[in-house]
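Descriptive analysis of the structure
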Amino acid sequence: MIGLDPYRVPGPWDPQPVADAIQVGIAGFAEHGVGVETCLFGLDGSDDVEAVVSAALAARPWECVVVGGGVRKPEDQLELFEQVLNLIRRHAPDAAIAFNSTAADTFAAAARWIDVPGRPTGAGQ
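Attention in this report is confined to the structure presented alongside it. (Residues numbered from 1 in each chain as written. Predicted model: local features only at pLDDT ≥ 70, side-chain atom pairs only at ≥ 80, totals over all residues. Heavy atoms only, no water.)

Before going further, it helps to examine the pattern of salt bridges. Under the defined criterion, the tally for this structure stands at five salt bridges. Residues R8 and D44 are paired through a salt bridge, measuring 3.9 Å at the closest nitrogen-oxygen approach. Here R8, found in the loop between β1 (2–4) and α1 (16–31), pairs with D44, found in the loop between β2 (39–41) and α2 (49–58); they are 36 residues apart in sequence, far enough to count as distant. The shortest N-O distance in the salt bridge between R8 and D47 comes to 2.7 Å. One end of the pair, R8, is in the loop between β1 and α1; the other, D47, is in the loop between β2 and α2, and 39 residues separate them in sequence. (Salt bridge = Lys/Arg side-chain N within 4 Å of Asp/Glu carboxyl O. Helix = DSSP H or I, 4+ residues; strand = E, 2+ residues; numbered from the N terminus.)

Have a look at this one:
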């Protein structure tokens, strides 16, 4: 799952609800016996987004990469969204790309594209 670290997004807002929703979304993977890793980066200028995302994608082969809403939804983040998609294409060309509706449904987004233990092969694909 690639997304924004809610604690490192500038602005007058409460990051806790988003952080909690990310944890709910990640918990869904454990509940279904599926491994997951997160790649969260900040928009506070402390991260080299290309380096952080490239390293995470190059770490191993991926079945699916979920791109979070904070990266793709704000219109002013269009270039960031394009950058992330192109990094996925370059470093994880065999991975499916999924998009969640909220951070809490990250597992559901990935489950449309991955094999989930106990679910018939091809279900949801």
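Moving on, there is more to tell.
Here the structure, examined in full by the defined rule, presents zero disulfides. Among the cysteines around C39, which has no disulfide bond, C64 carries the closest sulfur, lying 14 Å off. (Disulfide = S-S within 2.5 Å.)

Bringing the pairing of strand β3 (residues 64–67) into the picture now. What you see with β3 is no split at all: C64 and V66 on one side and V65 and V67 on the other are buried throughout. By the bridge criterion, four bridges tie β3 to strand β4 (residues 96–99) in an arrangement that is parallel. Looking at β4, one finds that V66 is bridged to A98. (Buried < 20%, exposed > 50% of the residue type's maximum accessible area, 1.4 Å probe, protein only. Pairing = 2+ DSSP bridges.)

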